[in-house]
Amino acid sequence: MTTSAPSPARPGPTTTASGPPTSGTHHLDTNVVELACRSCGATQEVAPTHVCMQCLGPLEVVYDTERIAVRVSRERIAAGPHSLWRYGDLLPVLSADDRTRVDLATGFTPLRPAPRLAAHLGLDELWLKDDTRNPTGSFKDRVVTVALSAARAFGLETIACASTGNLANAVAAHAAATGMDSYVFIPHDLESGKVVGSAIYGGNVVAVDGNYDAVNRLAAEVADSHGWGFVNVNLRPFYAEGSTTIGYELIEQLGWRYPDHVVAPLASGAMFTRIDAAFDRARTYGLVHGDTPRMSGAQATGCSPIATAFEADGARVRPQKPDTIARSLAIGDPADGDEAVAVARRTGGTIGHVSDAEVVDGIRLLAATEGLFAETAGGVTVANLVRFAEAGLLERGERTVAIISGAGLKTIEAVADGAHPTHRVGPSLDAFEAALAG
Amino acid sequence: MPTVRIPTPLRNLSGGERTVTVPGSDLRAVVAGLEEAHPGFADRLLDEDGELRRFVNVFVRDEDVRFQEGLDTELAEDDTVSIVPAVAGG
């Protein structure tokens with residue numbers, strides 16, 4: 001493990017904490033005031049918990065906004081580490097002790113122009129946020145970085161998660177690098193790349209006979225009985241904040257400007273809603289000006305509870321039983337689904353869904369036009385972009401960003417059928433020339 | 001009698017018990033039985049329309065009752081009812 005602690009000579013964006021610790025928990029020194037229920041507003045002290053004691057609603061972090069406002073600036077961010085900790089002032093920091101901070105160089109991933117895919121879609125300006133470039137190949141390294149840092153501040157020694165695969169990879173890797181015990185819970189029938197990509201780190205991998213929603217339920221019950229730090233259960237208020245860094249990075253990488261339209265994959269909806277939250281907060285802290293972007297979401301038809309609710313005006317998200325190759329998005333009961341619908345509506349975005357065949361086509365289109373091999377979630381995002389273009393939902397002049405959240409080698413099963421050698425030849429020039437002449 | 005697993009946020013109502021047994025042939029009757037034995041449960045589990053609250057998931061025989069008959073989901077004597085806060089995962 002490396003730490004992101006900046007040298008004393010330059011500002012330390014992540015060393016935000018000073019002043020007295022909050023009560024009750026391991027001398028926390030924090031820019032988080034309390035946890036508040038998104039549903040009823042009741043507050044609780046900062047602790048590894050995600051459930052409102054009043055209504056069982058979701059708890060979210062409440063930041064010390066005054067403390068953040070006097071510290072954060074474009075200059076401090078630009079002088080920070082080349083990881084998501086350059087936005088440390090804006091993340092839930094629970095300890096002044098740098099040793100609690102986990103940093104495997106996650107985040108600050110490339111934002112690169114995609115002119116060939118843009119032309120295919122009829123756009124003048126398209127950017128790819130390439131989160132395949134994180135340590136374990138997906139954006140989940142972001143949320144795990146923040147959740148494990150919180151876990152270490154809380155003094156937790158065992159870390160765990162319920163996962164569709166990418167999160168399991170990230171938790172297992174980060175646990176290994178920090179010397180923590182880990183238990184990752186996954187559906188028993190995940191893609192082999194995601195199973196191997198979890199087990200290789202040496203922690204415990206629990207394959208559950210059931211789909212992700214069954215895994216998730218089991219995790220919630222284990223979290224309640226074992227006192228472990230489940231990153232997406234009892235550490236969820238902190239975990240979810242990790243995805244805000246995608247939003248902050250987009251703004252900084254576009255020269256402290258907003259994009260006009262962001263298209264992101266939707267599973268639980270947590271990444272989508274936190275990107276939107278980051279756009280709003282960045283303006284609050286004077287880092288950017290103007291109108292926040294349209295936010296559009298992408299699902300696969302075989303697991304489309306959020307898209308279905310978006311289409312049915314005013315409806316709440318109803319759970320579905322997932323059946324799609326886009327396993328990383330196969331959450332039938334999405335925790336932030338209603339919130340994601342609200343964000344898309346408020347910002348003038350849309351939420352679509354595509355067939356599994358279109359997901360495969362989307363992976364191939366992205367690879368063939370931009371040289372980027374994405375896992376199935378990336379195929380879902382690109383395929384939905386194609387659908388949006390066909391439906392007239394993209395504006396040619398909009399500065400559009402597609403979030404590519406995971407690497408293609410994790411899910412080669414999805415595209416292996418159509419990806420074979422184009423020629424088979426003997427080891428001679430004559431044989432090659434003959435094959436070329438076809 | 002069906003066994004009900006109580007999550008931490010609701011154990012202040014069950015006197016700290018992790019599980020309680022409650023008579024009832026369907027989920028609605030069990031919720032009523034919980035309320036009778038431990039007043040306060042109905043308010044925490046049901047909304048003003050008498051339906052399960054938005055952030056409460058209930059599993060009977062390891063299956064979400066929203067895929068079964070909701071509050072009318074039938075219960076056998078040896079069934080387990082799990083009450084699980086809805087917001088997790090992702």
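You'll find the structure just up there.
Since the model is a prediction, treat every value here as computed from it, not as a measurement.

Colleague: How do you make sense of the overall build of chain A when you look at a structure like this?
Modeller: Secondary structure summary: chain A contains 15 helices and 13 strands in total. Against the globule reference of 22 Å for 438 residues, chain A gives a C-alpha radius of gyration of 22 Å, in line with a compact fold. Dimensions of chain A, computed from C-alpha atoms along their principal axes, come out at roughly 75 × 50 × 45 Å. Across the 438 residues that make up chain A, the buried fraction comes to 58%.

Colleague: Can you walk me through the sheet that holds strand E4 (residues 111-113) of chain A in this structure?
Modeller: Hydrogen bonds along the backbone pair up the strands of a sheet, which may run parallel or antiparallel. Residue and element names in this part refer to chain A. Read across the open sheet, the six strands follow the order E4-E5-E13-E10-E11-E12; overall the sheet is mixed. Here the strands that pair on one side only, and so sit at the sheet edges, are E4 and strand E12 (351-354). Neighbour to neighbour, the strand axes of the sheet diverge by 25 degrees on average, direction disregarded. Two strands pair when backbone bridges link them, and strand E5 (residues 125-130) and strand E13 (residues 399-404) are joined in this way by six bridges, in the parallel orientation. Note on E13: the bridge partner recorded for Leu126 is Thr400. Across the sheet, helix H10 (residues 270-284) is in contact with strand E10 (261-265) and strand E11 (294-300); its angle to E10 comes to roughly 155 degrees.

Colleague: Quick question: what am I supposed to make of helix H15 (residues 429-437) of chain A here?
Modeller: A turn of α-helix holds 3.6 residues, and therefore any two residues three or four places apart point the same way. Counting buried residues in H15 of chain A gives zero out of nine residues, a small share hidden from the surface. Of the residues one or two after H15 of chain A, Gly438 of chain A is the one with positive phi, at around 60 degrees.

Colleague: Teacher, can you tell me more about the nonpolar core here?
Modeller: Most often, soluble globular proteins have nonpolar side chains that are buried together. Residue and element names in this part refer to chain A. Of all hydrophobic cores here, the largest spans 157 residues; its most connected members are Ala147, Ile159, Cys161, Val171, Val184, Val231 and Leu329. At nine residues, the largest contribution of residues to this core is made by helix H4 (residues 140-154). Those residues in contact with Val171 that lie beyond four places of it in its chain are Val144, Ile159, Cys161, Ser182, Val184 and Val231.

Colleague: I tried to follow the sheet that holds strand E2 (residues 43-44) of chain A on my own but got confused; where do I start?
Modeller: Residue and element names in this part refer to chain A. Taken together, the three strands give an open sheet; going across it, the order is E2-E1-E3, and neighbouring strands pair in antiparallel fashion. Looking along the sheet, the strands with just one partner apiece sit at the ends: E2 and strand E3 (59-63). Two strands pair when backbone bridges link them, and strand E1 (residues 32-37) and E3 are joined in this way by five bridges, in the antiparallel orientation. Directly across from Ala36, in E3, lies its bridge partner Glu60.

Colleague: In this structure, what is going on with the pairing of strand E7 (residues 181-187) of chain A? I would like to understand it.
Modeller: The side chains of a regular strand alternate between the sheet's two faces. Residue and element names in this part refer to chain A. E7 sits mainly inside the fold: six of its seven residues count as buried. Judged from the five bridges that link them, strand E6 (residues 158-162) and E7 form a sheet pairing that is parallel. By the bridge assignment for E7, Cys161 is matched with Val184. Crossover connection from E6 via helix H5 (residues 166-178) to parallel E7: handedness right-handed. Pairing of E7 with strand E8 (residues 204-208) involves five bridges; the strand directions are parallel. Residue pairing for E8: Tyr183 is matched across the bridge by Asn204. What joins E7 to E8 is helix H6 (residues 192-199), and the crossover it makes is right-handed.

How each quantity is defined
- Residues numbered from 1 in each chain as written.
- Chains lettered and ligands numbered in written order.
- Predicted model: local features only at pLDDT ≥ 70, side-chain atom pairs only at ≥ 80, totals over all residues.
- Helix = DSSP H or I, 4+ residues; strand = E, 2+ residues; numbered from the N terminus.
- Rg over C-alpha atoms; globule rule 2.2 N^0.38 Å.
- Buried ≥ 20, exposed ≤ 12 C-beta atoms within 10 Å, placed from the backbone.
- Pairing = 2+ DSSP bridges.
- Axes fitted to C-alpha atoms, helices over the stretch in contact; angles between N-to-C directions.
- Contact = placed C-beta atoms within 7 Å.
- Core = buried A, V, L, I, M, F, W, Y, C linked by C-beta atoms within 7 Å.
- Right-handed = clockwise from strand over helix to strand, strands pointing away.

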